[in-house]
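# Coordinate analysis (summary)
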Amino acid sequence: MGSVVFSVDAELGWGFHDLADPPIDRVDAGRTGWRRLLSAFETHEVPATWAVVGHLLLAECDGIHAEHLSIDGWFDRERTAWQSRPDLRFGTDLIEAIVEAETAHDIGCHSFSHVLFDDPRVTNAIARAELEAAIDVAQPFGIEYDSFVFPRNAVGHRGLLAETGFSCYRGSGAATESRFGRMANKLLSTVDPGRLELVEPFVDEYGLVNIPPSLFLFGFEGTPRTVLEAVGLDPIVRQARHAIDRAARSDGIFHAWLHPNNLQTERDVRRMQSIIEYAASKRETTGLRIETMAEIADRTQ
Ligand SMILES: [Zn+2]
Ligand SMILES: [Zn+2]
């Protein structure tokens with residue numbers, strides 16, 4: 001029997017603070033999206049891996065972080081334009097909502113300040129500082145991470161994950177394919193969901209379990225989505241249902257991921273409710289497992 005995994009990159013403003021022109025609609029959707037996604041998981045008692053940006057666990061900060069090793073100017077936006085937006089920089093209320101939820105979620109790590117681990121400016125010392133700071137701020141909440149999700153899926157410094165006590169991470173997926181190949185595949189798998197492959201976790205050279213992603217649940221937006229929705233089911237829901245069916249009759253994993261800020265409209269919320277409900281119903285009728293990344297690492301290592 002296979003399984004379904006949901007991983008959530010939970011970051012509020014941190015997913016965008018380094019961009020010249022942050023997409024403010026998405027940034028502003030982060031808080032409500034977080035609560036609505038958590039509620040959808042709760043309704044169906046579906047556990048997920050929530051990879052949270054460590055800075056969200058702070059109650060306050062000076063916006064300077066002189067003691068934290070970082071690239072020059074890394075905290076500029078938090079100190080300037082977002083100085084008046086604590087709602088984008090801190091999120092203890094949201095993390096407590098996950099901790100206090102009825103369903104046992106896996107709280108994982110998404111670095112301390114959303115540093116890109118493949119950036120040549122991000123030295124080993126900076127990567128280590130990001131991991132150690134994220135671990136420190138989680139301690140008062142009783143959170144000990146097993147799972148790591150690389151910001152923007154930029155894999156790097158994996159040895160440090162093993163050294164600092166992580167057991168698994170979400171890999172980068174089909175990294176070797178060309179951009180064109182990935183686009184073509186995305187389009188074809190929407191038309192023919194059978195093309196979407198399930199994934200297998202594996203132990204890497206550092207002893208960490210790599211749990212590759214199967215599908216980004218908001219990677220097919222804009223006009224193509226509207227056109228396909230006009231003739232029937234949401235194309236991503238269709239793909240996800242197909243993959244969940246396959247996981248229910250094989251040993252593979254359907255690993256779906258998203259950000260809370262992807263839930264910007266009612267139809268985005270409906271998409272998630274629909275996929276989560278479908279996975280929960282298959283768990284009832286087929287014995288399909290719905291697992292967290294930490295649970296998969298536990299049985300793979
Ligand atoms: Zn700060
Ligand atoms: Zn992120």
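Because the structure is a prediction, the values reported are computed rather than measured. (Residues numbered from 1 in each chain as written. Chains lettered and ligands numbered in written order. Predicted model: local features only at pLDDT ≥ 70, side-chain atom pairs only at ≥ 80, totals over all residues.)

### A few points about the nonpolar core
This is how the line gets drawn: A set of buried residues drawn from Ala, Val, Leu, Ile, Met, Phe, Trp, Tyr and Cys, joined through C-beta atoms within 7 Å, is what defines a nonpolar core. Around each residue's C-beta, the other C-beta atoms within 10 Å are counted; 20 or more make the residue buried, 12 or fewer make it exposed, and counts in between make it partly exposed. All C-beta atoms are placed from the backbone. Runs of E in the DSSP output that reach at least two residues are strands. Runs of H or I that reach at least four are helices, and both are numbered from the N terminus. Here, residue contact means that the backbone-derived C-beta atoms of the two residues sit within 7 Å.
Counting residues in hydrophobic clusters, the biggest one holds 73 residues, and the most contacted among them are Val-52 and Cys-168. Looking at which element gives the most residues to this core, the answer is helix 1 (residues 24-43), with seven residues. Val-52 has contacts with Ala-10, Ile-95, Ile-107, Cys-109 and His-110, leaving out every residue within four places of it along the chain.

### Details of the pairing of strand 2 (residues 49-52)
What counts is decided by this rule: DSSP calls a pair of strands paired once it identifies at least 2 bridges connecting them. Handedness rule for crossovers: strands pointing away from the viewer, path from the first strand over the helix to the second running clockwise, crossover right-handed.
Alternating positions in strand 2 separate into two faces, Thr-49 and Ala-51 on one and Trp-50 and Val-52 on the other, with burial throughout. Pairing analysis gives four bridges linking strand 1 (residues 3-10) to strand 2, with the strands arranged parallel. Residue pairing for strand 2: Asp-9 is matched across the bridge by Ala-51. Chirality of the crossover, the property in question, places the unit of strand 1, helix 1 and strand 2 among those that are right-handed. The sheet contact formed by strand 2 and strand 3 (residues 106-109) spans four bridges and is parallel. Bridge pairing in strand 3 places Ala-51 opposite Gly-108.

### Some remarks on the packing of helix 1 against helix 4 (residues 92-99)
For clarity, the cut-off: A fitted line through C-alpha atoms serves as each axis, taken over the contacting stretch for helices, and the angle formed by two N-to-C directions is quoted from 0 to 180°. For classification, angles of less than 35 degrees are called roughly parallel, those exceeding 145 degrees roughly antiparallel, those between 65 and 115 degrees roughly perpendicular, and all remaining angles oblique. Gly falls in the polar group here, along with every residue not listed as nonpolar (Ala, Val, Leu, Ile, Met, Phe, Trp, Tyr, Cys, Pro) or charged (Asp, Glu, Lys, Arg).
One can describe the packing of helix 1 onto helix 4 by two numbers: an axis separation of 11 Å at closest approach and a directional angle of 5°. Judged by the angle between their axes, helix 1 and helix 4 are roughly parallel. For the pair formed by helix 1 and helix 4, the contact residues are Arg-31, Trp-34, Arg-35 and Leu-38 on the first element and Leu-94, Ala-97 and Ile-98 on the second. Classifying every residue of the contact of helix 1 with helix 4 by side-chain character gives five nonpolar, no polar and two charged.

### Here's the deal with helix 10 (residues 266-286)
What counts is decided by this rule: Expected span of a helix: the number of residues minus one, times 1.5 Å. It is the directions from the helix axis to the C-beta atoms that the arc portrays.
Taking 1.5 Å of rise per residue, 21 residues should cover 30 Å, and helix 10 covers 30 Å from first to last C-alpha, within 8% of that figure. For helix 10, every residue scored as buried is listed here: Asp-268, Arg-271, Met-272, Ile-275, Ile-276, Ala-279 and Lys-282. The arc that holds every buried residue of helix 10, seen down its axis, measures 125°, which confines them to one face. Seen from the buried face of helix 10, the exposed residues on the opposite side, beyond 90 degrees, are Glu-266, Arg-267, Glu-284 and Thr-285. Structurally, helix 10 contributes buried residues whose contacts are with strand 1, helix 1, helix 9 (235-248) and strand 10 (289-291).

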